[in-house]
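Coordinate analysis (summary)
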Amino acid sequence: DFIRPDYGADDILVLQFTSGSTSEPKGVVLPNHVVAANLDAIIEAAEVDIDTDVMVSWLPLYHDMGLIGFCILPMSAGIDLVLAAPQDFLASPGRWMEWISTYGGTATGGPNFSWVLAARGLRRYGPDLDLSSLRIGLNGAEPIDPESVRALIAAGERHGFPPGAVFPAFGMAEVAIAGSFPVPMSGLHTDIVDRERLEHEHVAVPVDPDHPAAREIVVLGRPVPGLEFRVADQETGEVLAERKVGELQIRGTSVTPGYYRRDDDNRELFDGDWLKTGDLAYLVDGQMVMCGRIKDVIIVGGRNVYPQDIERAVGEIEGIRAGNVIAFGSPGRNRKEQIVVVAETRVESEFEDIRMAVNEKSIEAVGVPCREVVLVKAGTLPKTSSGKLQRALCRDQYREQQLEIIEGPDGDA
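These lines cover the structure that appears in this document, whether it is placed above or below. (Residues numbered from 1 in each chain as written. Predicted model: local features only at pLDDT ≥ 70, side-chain atom pairs only at ≥ 80, totals over all residues. Heavy atoms only, no water.)

1. Some thoughts on the nonpolar core
Stated precisely, the cut-off is as follows: Throughout this description, the term nonpolar core refers to a set of buried Ala, Val, Leu, Ile, Met, Phe, Trp, Tyr and Cys residues connected via side-chain atoms within 4.5 Å. Three exposure classes are used, based on accessible area relative to the maximum for each residue type with a 1.4 Å probe and protein chains only: buried under 20%, partly exposed in between, and exposed over 50%.
Trp-96, Met-97, Phe-170, Phe-181, Ile-250 and Met-288 are the most contacted members of the largest nonpolar core, which totals 73 residues. Counting 23 residues, the second-largest nonpolar core is a separate cluster that includes Ala-327, Ile-339, Val-341 and Phe-351.

What follows is the structure, encoded as structure tokens:
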């Protein structure tokens with residue numbers, strides 16, 4: 001017979017460590033009531049059907065998306081789960097799509113890079129691969145590239161991949177996992193804004209797609225039930241109107257009480273009962289649009305330059321490994337921030353041509369040239385255990401000359 005353990009709502013269920021993408025990992029305290037509230041929110045917002053849904057996951061169980069979203073949720077609610085090991089996916093990303101087809105998967109998820117790999121793998125499959133059962137293909141945990149999402153939709157078309165199943169979402173350990181979700185089967189929605197006004201004036205002004213300064217950003221849906229969002233000025237704390245960029249703040253039923261044994265950090269974490277996320281974002285019709293991490297922003301001549309814009313553009317260059325590019329700011333001779341790009345490549349020659357192409361892509365993407373382009377060996381860029389780029393650590397390695405730089409035939413780096 002089942003004997004209920006002696007536990008309470010406020011007892012800690014999980015100490016979920018942050019990814020460490022911008023700072024040292026910290027243990028997020030997740031009591032029973034916080035996780036339970038977030039699980040209820042996911043079920044409601046994702047319109048989960050316990051009787052018919054089949055969840056498919058290869059995500060590591062030490063990561064919050066894998067542990068809470070794709071393990072604790074199906075276990076606690078009684079949802080069918082197909083669970084694979086991360087190394088099985090990484091060894092052959094196409095297997096992910098095979099599992100969805102074989103088991104009739106209706107819900108799955110992964111970071112943007114995993115969907116890029118899946119899209120490439122789909123080209124090798126014939127008509128027997130059936131993805132028509134999928135209704136939620138969650139994309140989260142890192143910046144979402146709308147072009148890679150469109151490539152996925154195009155690659156999956158002949159396999160019945162429903163375009164509406166694209167599910168761009170926002171989450172973080174400090175809210176257990178789920179922060180904002182779109183309406184299921186509503187697909188990809190983006191906001192096209194004036195990049196120059198976004199960077200200079202911190203306001204998201206809509207423009208036509210063919211505008212010379214157009215920047216397309218993915219819309220990440222509304223707060224899940226039990227959570228509220230607001231955007232506040234970083235300096236004054238003033239709550240900002242829609243389309244004004246500031247720090248995203250969250251309060252509600254599934255917000256952590258704080259970091260484990262980090263009193264100093266906890267005093268900085270909250271503004272009253274609002275959790276300060278450290279993310280720059282804005283709201284549009286109640287939906288959230290993410291611009292980037294505050295600590296990652298490169299300030300050049302009073303502009304907020306977002307590194308992911310440079311990284312995405314540089315990743316398109318032949319010879320550069322897409323998804324393995326890091327841009328950051330470093331003081332120049334006049335102590336003003338200048339852009340440094342570190343990129344992985346397997347090319348063993350034509351380094352100068354690649355560097356020139358990187359510089360041109362930076363100018364094209366943000367209107368600013370690079371101070372330096374550093375080419376490193378494949379697989380050496382610092383990443384978190386969940387695959388996120390570690391910009392801060394890469395910047396430190398650059399300053400301390402610890403990067404594994406590829407040398408040209410003449411011995412020059």
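From this point, the narrative continues.
2. Quick look at the sheet that holds strand β3 (residues 54–57)
Which entries qualify depends on this criterion: Here a strand pair is declared whenever DSSP counts at least two bridges between the two strands. Note on conventions: DSSP H or I runs of at least 4 residues are helices, E runs of at least 2 residues are strands, and numbering of each starts at the N terminus. Axes, fitted as lines to C-alpha atoms, cover a helix only where it is in contact. Angles between the N-to-C directions of the axes lie from 0 to 180 degrees.
Taken in spatial order, the 5 strands of this open sheet run β4-β3-β5-β6-β7, and their pairing is parallel. Either end of the sheet is taken by a strand with one partner, and the two such strands are β4 (80–83) and β7 (166–168). Neighbour-to-neighbour, the strand axes of this sheet turn through a mean angle of 20°, independent of strand direction.

3. Quick word on the packing of helix α1 (residues 32–45) against helix α2 (residues 64–77)
This is how the line gets drawn: Roughly parallel here means an angle under 35 degrees, roughly antiparallel means over 145, roughly perpendicular means 65 to 115, and every remaining angle is called oblique. Contact between two residues is taken to exist if any of their heavy atoms lie within 4.5 Å; hydrogens are not considered. Classes in brief: Ala, Val, Leu, Ile, Met, Phe, Trp, Tyr, Cys and Pro nonpolar; Asp, Glu, Lys and Arg charged; the others, Gly included, polar.
Axis separation between α1 and α2 bottoms out at 11 Å; the angle between their running directions is 90°. Taken as axis vectors, α1 and α2 run roughly perpendicular relative to one another. Packed against α1, whose contacting residues are Val-35, Leu-39, Ile-42 and Ile-43, the element α2 presents Ile-68, Ile-72, Leu-73, Ser-76 and Ala-77 at the interface. In terms of residue class, the contact of α1 with α2 is built from 8 nonpolar, 1 polar and no charged.

4. Side note on the pairing of strand β16 (residues 274–284)
With 10 of its 11 residues buried, β16 lies for the most part within the structure. In this structure, strand β14 (residues 246–252) lies alongside β16, joined through 4 bridges in antiparallel fashion. Bridged to Glu-247 within β16 is Leu-280. Both strand β15 (residues 270–271) and β16 contribute to a ladder of 2 bridges, which runs antiparallel.

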